[in-house]
Structure formats: structure tokens, C-alpha cells
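Chain by chain, the residues run as shown.
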Amino acid sequence: MSPTRHTDPPFRALPAQVDLPALEREVLRRWSSSGVFEQSLKQTEGGPSWVFYEGPPTANGQPGVHHVEARVFKDVFPRFKTMKGYHVERKAGWDCHGLPVEVAVEKELGLSGKKDIEEFGIAEFNDRCRESVLRNVDAFTELTERMGYWVDLSQAYRTMDASYVESVWWALKAIHGKGLLVRDFRISPYCPRCGTTLSDHELAQGYETVTDPSVYVRLPLTSGPLSGGADAASLLVWTTTPWTLVSNTAVAVHPEVEYVVATDGAERVVVAEPLLGAALGEGWTATGERFTGAQMERWTYRRPFELVEFAEPAHFVVLADYVTVEDGTGLVHQSPAFGEDDMRTCRAYGLPVVNPVRADGTFEQDLDLVGGVFFKTADATLVADLRERGLLFRHQDYEHSYPHCWRCHTALLYYALPSWYIRTTRIKDRLLAENERTNWYPATIKNGRYGEWLRNNIDWALSRSRYWGTPLPLWECPDSHITCVGSLAELGELAGRELSALDPHRPYVDDVTLPCPECGLTARRVPEVIDAWFDSGSMPFAQWGAPYRNQERFERSYPAQYICEAIDQTRGWFYSLMAVGTLVFDRSSYENVVCLGHILAEDGRKMSKHLGNILEPIPVMERHGADALRWFMAASGSPWAPRRVGHAALEEIVRKVLLTYWNTASFFVLYARAGEGWDPSRAAEAPPYAQRPLLDRWVLAELNRTVGEVDAALEDFDTARAGRRLTEFVDDLSNWYVRRSRRRFWGGAATPEGAAAFATLYECLEVLTRLMAPIVPFLTDYLWDVLRTPDAPESVHLASWPQVRTELLDPQLSERMALARRLVELGRTARATSGVRTRQPLGRAVVGAAGFDALSPELREVIADELNVAELHPLGAVGGELVDYTVKPNFRELGRRFGKQTPKVAAAVGAADPAGLVHRLRADGSVSLTAAELGEVRLEPGELVVTEQPREGWAVAAGAGETLALDLELSPELVRAGLAREVVRLVQDARKSSGLDISDRVDVWWSAADKELRRALTDFGPDIAAEVLAGTFAEGPGGSDATEHGDPDLGLSFRLARRG
RNA sequence: GGGCGUAUAGCUCAGUCGGUUAGAGCGCAUCCCUGAUAAGGAUGAGGCCCCAGGUUCAAGUCCUGGUACGCCCA
């Protein structure tokens, strides 16, 4: 026992009102000054490691509230695992390269396109990109710290650092060595404004719904059976990209589809038979002439425009299997420079690849009609020209989704360009196998969205014709020998000069030339940089600079146990990380991946500047607290589904969860500081668990059940389940345990009951605080600091994770308490419907419920007290003629036994007289009935659900087979007891409004106008006095310093004075 | 057009192994309780558990098809 205890209260006072954001700032200061995060890492150093990889946010643009979502999950599980003794390194990272950065800088500098950048100077441009990235890093750092995301920012990796770039080069060289890094000419989605091809994951982000012209064009046949003469037929082709007609090269048909000639009496066109109606509409009939696609091969036709030159023969019908009869005419216009299928088909016929569109998206200057015009803009001119020349068959608007540049919204071009690819299709089976052993949360992603993507894997278009990115480390000599360089040291050796300090970015690397190791000619670097996704996919080794630096550290942390991002990363980081790992190490770099749904604005739409529905993260946290936002992200709704965030949702979390928890702790501290005080060293004075009051045993059983369930939920990465259980427990603790136990706390810890109460509530709060710590690290740490014993860790985040004390679990008690609480609810309903308020004591209540007989006297006392009734009886004891019975079949049990015959038995139960049934059931322990076709069946009590209801004169409430009825008959004695309770309430109100402390003692003098009231005050005087801490409770005028109070309705007035 | 997901009270969402009065919170209304509380309790608006089939003694729950919405991709 501490000698100073009485003068020095055991706990700091907790105000009833709390400013959560202010509290969080205080906690942040403590974390920072004591280096709590660092301590948590140090403390677990010897422990098993649990590896987490930080998916680097693109340091481009400002952080939004949606960034908080993934960062909460990146924080909760490492904290949880740390408390379980794992060493969880958390190295921050920043994704620095990429087109978004370039576009932002271009905008800042007022540049437009690659030409401008090159005039501005690549060195200067890249410097600006580097600066821009660093600016945004600051904003992310602020967010990270404010939300309590513990990640080591001091040694964050940056994808633009030389050591990082070298690691990426090393990986590319390994891939090149396996023959998987190749150059190919392929049609790529290409942004003419940015002057670069886009990767598939970039492409995915830019689909927009647009209206394009949909045109049907006549191409008159010039050879074959349908050509010649006045009635020559035309091929009818359909396209939504009229600008590609300029370079029309061929028309493709499906070899097995039947094509027919149709006429409206004036002209003849060729279409696929199944599309005749859809393509031509009313008024067109087939002439009977029909050909298979194969028969039409090499028929020539007159091309739609004579604007470009064709050096080789072209403009005839070709065969292609990809042609469908889904829409259009079944005849497909071919322009090989602008379509992958077209390219493949035309190449097979040796047709030329004619491309009149320049890299900036405009037609070549010297063309008639469209020279210098942007490709998309040329549509209108071209369609008008077709119409004038009578070639336009039909023109309508066509709304479809067309890819746009995800950054600048320019319509993309499918364009033939030389490009570097990683042949991921060659390792598809390995990727599928690696995915097979990855745990996805939610599990449906694995074989659904992500698995689907892997099964349809296509080669990774790696190169970008841009500036701010990891340069592709390939040097090429005039004879096209390729040298792949894996480090600056190697580059120095090959170039014959010291290059270890070289900035491995453009333009500096471009200036390095080397003699080709094969032929000795001068090799120059290819101009491209790489897709920034390859950077982020390389982070497992590149963050350490491995293998050139920290190789051992890298090996120790590969693969990761845990990564987490939102669902948009399935084809982004989740893929690049798995792909790079599998390409380089033949092993995916992560084992568990949590994939979150998106955060939406309160109106259910995406947050966007246009809609004005953006919620800024820092102001939100300054209003509701970071803990509220964290709880929302972790536990509100399902993290797998899209969720709406707004002030209302956060306010609810503050009120229902955080403040309820706070108030429970505040209540505890208030009484622990009162009187002689209680501190954890007195826990030993409490009776052993088995001898504590029922309510204590119950709450400890619930506590330990909660520990087990929260632990299991978090092990399964299910924060929502953990949150639901915690919310329920906080509510049980506050609104049942504390509310029912208040008197024991008022009485202090001197009695065994009081000692048990303090020890029990302390234990609940201590364990609960540790359980909630990963999700709400601020509030829990503040309360931990108040509640902890001197020898406990100074922060809850340095404490250990609670373990279930199985000896305290008591499922039977949990179940019986649940029944008791259901009965209390029924009692309240009965009170409310009868209009007799709870303060008025009643003589008895009767209960009809299956488990009632098993309830202990202690538990019955809880019900009686809660309902303010003197006695509680089973309904059966009241007397047969007062009770009505309902008997229903228990289908679950009957179904198990009778299967198909269940309805017949159920019908027999329904037809029987309920009272007789119950009587026989109780007398004999079972009952036999005659069911149709089955004859006599004997039913056990468990196979029937008996509900009892009293008849007249009772206030009854029933639900789910359980009934509670209140006897409303009031004796004069009960009326007086009710009056006494009324007086207690009035005096308590007076105490409170006079600003008295809860432990202040008072004197009360009263006068009563009513005879019954006077008698009640006399009869119950000592009880009232004890309740309101009155030394004097007497009839009379009272002293002059006493304040006057009263209630005219009741006819009571009294004076109240604080006792010296 | 394809893949994946969602659909339950006015709103946001739970709903276990299929079992017969389908729940919670919020909002609103009326009332009750209150010496920890920004808290708690009761009642109310009569829920086409999206629709249609099917399996089953029994379907919000399982199966098939459809509709709407969302995301991802063509």
C-alpha cells in the first residue's frame, strides 16, 4: 500500500467533456517526444518479423480523405502484430516518377507537349519534376502524422533516388538475361498530346463515354461477279472512326459467313446475311445472290478517299476470323496502322502499312482536305466529303466508351510504334501459381477480378517516350546490338570512365556512349524511360538498394506478409508487384493482400472538384478527431464495398463508440478518486473471480469473449467484425454493467462488493483499451496513460495484446443474462404500454419463458430491480385459469425428425387445444397427438414452443416465445413507496442544480401538503436520507442558509443545505 | 459486349449451418428514465428481403435466368 495514496490520487482526473482533437494533439506530442514508435520497434527487435510493404503513394497532387482509408489499414495491422510481439518494420516510400508529375509540371511551366519540353531543356524540366514531387511529399507527411499512421518517414525510399534506379536496372537486366525484355512493333494506345504510349493500367483509367459518328460507307466493287455495269454492287462497311478511312487498305470478311446482295430497287449493296435487317432497315430485300466470305476473297473495290499514296497494290477483300456479325455490316474496314487486328490481318496479305497521321495526332501537312488537322477533328470534314460524293450510306451518332488519356483527357489513338515489352505472357502459368498461394481479402478478388486479369495476361508494354522516369538501361549500336546495363559501376566499366556519381536520369545518361561489346561500334542509349509501375513493383528490393546495398536486409524481408491498397490497384500495384517478383525471383512478393473498396462522398458520388463534394482530411480530423475517421475507415460498413463518408457518420462514431468508452473510464476515475480512493494495487483486495457478484462474472465473461472474437477477426483482416464486437462490448459495459453497478461504486471499495466492482471495471477498461488500441490509437493511449500502473509500459502501443482467459468465459451465464435482459425489455414495454412509470414500485411480475426456471435468484433479482417490482414468478405458478397458452411447432426439431411429414405434424399441433397440450406435456413430460396419415406421434417438450399469456388485469408484453406480465394492482404501501422514490429524485435534482459534489452531505427540511405524501416521507424517511446523503431529513422550516426547492404537483417543498 | 460485385425499414447497414414474429444504428414523432454520459429505454411508419422460375417438409439464406446500380475491362 502506497503511503502517499491518500494525498496523491491514484489517477489523473478525466473531465466529463472532452475535446478529442485537442487530446490527439497532446498524444502526438507525447509520441514524438518519447519516441514511442521507435521504442515499439526496438522492443520487438528480437521477435519474429512480420513484413509489411508500403505501397508508395504517387507524390503527385494533394492527399485526400480517400488516402486515409488505405493508410488506416496499413497502420492497424502492424500495430496489432506489434502488440503480439512481432517486429514490423514500416519503411515509408514515395513514388516519384511518371507522366502525372510531368503533366503537372508542364502545366506549371505553361508548356504544351514534348516539343516544348525539349526546347525548355530536359535537365531543367526534370529538376522541376523533382521539386514538384518533394513539395507534395510534405503534404503527405502532414497527413500521415496527423492521422497517426506509424511509418518511418525519416528513411523513406524514393523511386527517383540513384540507388533505387540502380536496383530497377538490375532487375531489368535480370529480365533481359532471361530473354523476356524485347522490342516489338505493336499497335499501342497512344496519347498524341503527351506523345507517349499508355500502359494497360493507364488505359484502364481513362475510358470516357463519348459520341462519335457512326457511318456506313459504300465501296463500289471493281472486280468479281458483282462488279461492272450500271448495277455494280457496293461493299457496305461500318466504322466509328471515319478518320481511319483516309488510310483504308482493305475490307475484311469472315470466311464462313454468308454475304448477300440487297437492293431497294435503286442500288445494290453487300452485307452479311444475319445483319441485313439491322444494317439496312425497311425497304431492302435480298436479291438472292449470295457468297461466303471465302468466295469474296481478293475482290477489289474503289477506296473511299484518294488522299494518300499506296506504293503497293491494296483495296481488296481479305479474310479474317475476328470479324463478327454482332453489329455493323459484317464487312470491316481495315487500316493497319490504327488497329491491332487490322495490322495482323493486313500483314498476312503483304499489304502496306500506310500512316498519314503524325506523332502529334495531326494529318500530314500536304494532304488535301485534312492536311494538318487533328485526327479526331477531321471526322466531320471527311463525312461531309463522303456525303457529297454519294458514298455515305448512313450517318448517325453513336455513344460508346472510348479510351482517353487518363491525365489530359485527349482521345487516344491506336498507333503502330516500336516499343519495349516484357513478355509476361511467358510466365503466365507462374503468375497463376503464385496467385494461387496468395490470400486475398476479400477472397473473391483472387479468382474473380484479379484472377481473370491474369488469365487474360498480355505482355507488359514497358517503354515510354518521355523524360521523367527511370531510363531504360539499353544501349544500342548502329548494328542493333543491344547491351543491357545493370548498374552505374557496370556502365562506367563499359564506357571506360568513372560514373558512380552520375545522376541516372535523362539527359545525363543519354550522354553516355559506349563501344558495343559485340562489334565495337558506338552504342547509344535507347531514348525511352520505363513505366513507373515497374518502379513501384520493384520496391521490395529497390527500397533497400539491393542487391548492391543492404542485400541481407532485403532477403530478410522478402516476401511481405501483408500489403494493402484500394481495389483500383488490382491491375496496378498488386499486379506490378507480383509480376516483378515472379519475373526476377520466381516468387510473388506478398502473401496476404487486403483490397479496399473506394471512399465516396456523402452524396454517394465520387469526390471531385467539379461536384464540390470534397472532404479535406485534415479539417475533418480537426473537427471529429483522427480516431473517429480511423474507426470509420476500419469498422463502418464493409471495407470491401464502396462507402460514403460524411460528418453525420463521424459524429455518430464519436457519440456511440468513443465517448461511451471515454465516459465509462471517466466514471471509473471519478469514483476511484473519491473518498479513500482506489488504485490497481488494491485489486488483490477484491474477492476471487468465482466469488464476485454475478454481474462481475458476467462482464468478465463478455470481456474475454470479446478478446477472442476481436483477435480472431483481426487475424482474418476483418476490422469491421472487430469493430462490431467492440461496439457491442462498450455498450454492454457502459449501459448494463456500469449502470447496474453504480451503487457499488458509490459505496467505495471497502466492502467486498465494492472491491469487486472496482477491480472488475478496471480490468475491463485495461483490456478494452489494449483491444481498441490498433484502431483508435490516440484515445486509447491517452486513457492508458491515465489508467496504467506505474510498472506498465508508458504507452498502450508498447503493451502486449490481451489473451483470452478461458477460465473466465461462461457461455451459460452469457446466455442467461441475455434472457434476463430480454425480459427486462419486455417489462419496459409493459410499463410503457400500461402508463405506470418505472419509479412506481409494483408488487409482482410473472414470466413465461423457456429458460426462466434456470435463472439464479441473483439474476432474477437483476430483473426485478431493473423493473422495480417486488417479486418475480413463473407464469405457471399464478394459476391455470388466469393463463392463455399458445403452442407452436418447433420446425427445426420437427423437421429433423419428420422430414417430409413435418407439415402434417405441425398441423396436428395447431389443431390441438393449447391448454390441454401444455397440461399433458407438464404432467407426462411428453405428449402424443394424432397426425394425418401418420397416426399417433409422441412429441417431446423441445419439439414445441409454448408461449404463456395472462388474461385480464395485467400489462403484458411478449416476443419470440417469451412473455412478461406486470401486476398493476397498487396497495397503499406501494403508492407510498412510489412517492418516496419521487422525493428522492427531486432531492437529487436539487443537489445537482445546487452544484454539490457527489459526496457532499446535506441536511433537508421538508413540508408536505398531502397526507399520503407526509406519511410516505415519515415511513421512508431513513431510506430517503440514506439515498440522498442527508444527515438530517426532518419535517420543518429549516435553516436560513438553505436553498428552497419543491414540486407543486406533488405538494412538496423542502430546503436543502450543504453540511459544514 | 465480357468479368466481378451489390440489391433487406425513410436513410446507412447486420442477418451464422436453410427452421416460421427478419434485426441494429441514424433520422422523425410521442413518451419514460437519469448524481458518469454528447448517454440510456419504450412505442410508431404495417419491410413484394429487386423480379421470375427451381431445389426443399421449410428459402432473405441454396441453384438458374432476368432487371437495376457500381467497379473493372473490351
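Cut-offs used in this document
Residues numbered from 1 in each chain as written. Chains lettered and ligands numbered in written order. Predicted model: local features only at pLDDT ≥ 70, side-chain atom pairs only at ≥ 80, totals over all residues. Heavy atoms only, no water. Helix = DSSP H or I, 4+ residues; strand = E, 2+ residues; numbered from the N terminus. Expected span 1.5 Å × (residues − 1). Buried < 20%, exposed > 50% of the residue type's maximum accessible area, 1.4 Å probe, protein only. Contact = heavy atoms within 4.5 Å. Pairing = 2+ DSSP bridges. Axes fitted to C-alpha atoms, helices over the stretch in contact; angles between N-to-C directions. Salt bridge = Lys/Arg side-chain N within 4 Å of Asp/Glu carboxyl O. Domains from an automatic or database assignment. Core = buried A, V, L, I, M, F, W, Y, C linked by side-chain atoms within 4.5 Å. Parallel < 35°, antiparallel > 145°, perpendicular 65-115°, else oblique. Left-handed = near helix turned anticlockwise from the far one by under 90°.

### Description of helix H7 (residues 162–177)
When the terminal C-alpha atoms of H7 are compared, their 22 Å separation across 16 residues agrees well with the 22 Å that a helix rising 1.5 Å per residue should span. Among the residues making up H7, those that are buried are Tyr164, Val165, Glu166, Ser167, Val168, Trp169, Ala171, Leu172 and Ile175. Downstream of H7 by one or two residues, Gly179 has phi in the positive range, about 75°.

### As for the side chain of Ser666
Relative to the helices and strands, Ser666 is located in helix H22 (residues 647–673). If sequence neighbours within four positions are ignored, Ser666 has contacts with Leu14, Pro15 and Ala16.

### Details of the sheet that holds strand S38 (residues 1052–1058)
Reading across the sheet, the four strands line up as S36-S35-S38-S37 and stay open at both edges, with mixed pairing between neighbours. Bordering the open sheet on either side are strand S36 (1030–1035) and strand S37 (1043–1047), each of which pairs with just one other strand. This sheet shows a mean twist of 20° between the axes of neighbouring strands, independent of strand direction. Here five bridges tie strand S35 (residues 1002–1008) to S36, and the two strands are oriented parallel to one another. Within the sheet, the bridge partner assigned to Trp1006 lies in S36 and is Glu1035. Across the sheet, helix H32 (residues 972–993) lies against S35, S36, S37 and S38, angled at about 45° from S38, the strand it touches most.

### Looking at the pattern of salt bridges
What the rule picks out here adds up to 71 salt bridges. The shortest N-O distance in the salt bridge between Arg896 and Glu893 comes to 3.6 Å. With Arg896 and Glu893 both in helix H29 (residues 891–898), this residue pair falls three residues apart, about one helical turn. For Glu893, a relative accessible area of 27% gives the class partly exposed. The network of salt bridges with shared partners includes Glu702, Arg705, Glu709, Arg725 and Glu728.

### Focus on the domain arrangement of chain A
Assigned domains of chain A: these are domain 1 (37–171 + 532–633), domain 2 (208–407), domain 3 (473–527), domain 4 (646–809), domain 5 (883–950) and domain 6 (972–1058). One C-alpha centre belongs to domain 3, the other to domain 6, and the line joining them spans 97 Å.

### Digging into the sheet that holds strand S20 (residues 514–515)
Strand order across the open sheet formed by four strands is S19-S18-S21-S20, with antiparallel pairing between neighbours. With partners counted over all chains shown, the strands left at the sheet margins are strand S19 (482–484) and S20, one partner each. Two elements, strand S18 (residues 474–476) and S19, share three bridges in a ladder whose sense is antiparallel. Bridging across to S19, Trp475 finds its partner in Thr483.

### Let's talk about the nonpolar core
In terms of nonpolar packing, the biggest core is built from 151 residues, with Phe668, Tyr737 and Leu823 touching the most fellow members. Residues from two domains meet in this core; each of domain 1 (37–171 + 532–633) and domain 4 (646–809) gives at least three. If near-sequence neighbours (up to four positions away) are discounted, Tyr737 is found in contact with Leu695, Asp696, Trp698, Val699, Asp732, Arg744, Phe745, Ala757, Thr760 and Leu761. Among the nonpolar cores identified, the runner-up in size contains 59 residues, and Val215, Val253, Tyr301 and Val354 belong to it.

### Description of the packing of helix H27 (residues 811–834) against helix H28 (residues 857–867)
Their axes nearest at 9 Å, the elements H27 and H28 cross at an angle of 25°. Classified by the angle between their axes, H27 and H28 sit roughly parallel to one another. Handedness of the H27/H28 crossing: right-handed. Across the interface between the two elements, Arg816, Met817, Ala820, Leu823, Val824, Gly827, Arg828 and Arg831 from H27 touch Leu859, Ile863, Glu866 and Leu867 from H28.

### Some points on unusual backbone geometry
Here the bond from Arg506 into Pro507 is cis, since omega is 0°, no more than 30 degrees from zero. Along the chain, Pro507 falls in the loop between helix H15 (488–495) and S20. The linkage connecting Ala546 with the following residue, Pro547, adopts the cis geometry, with an omega of 0°. By the secondary structure assignment, Pro547 is in the loop between helix H17 (539–542) and helix H18 (551–556). One non-glycine residue, His315, adopts positive backbone phi at about 65°. Secondary-structure assignment places His315 in the loop between helix H10 (293–296) and strand S11 (317–319). Relative accessible area serves as the criterion here: at 8%, His315 is assigned to the buried category. Non-glycine residue Leu369 carries a positive phi angle of around 70°. Inspection of the secondary structure assignment puts Leu369 in the loop between helix H11 (340–348) and helix H12 (378–388). Given the relative accessible area of 42%, Leu369 is considered partly exposed.

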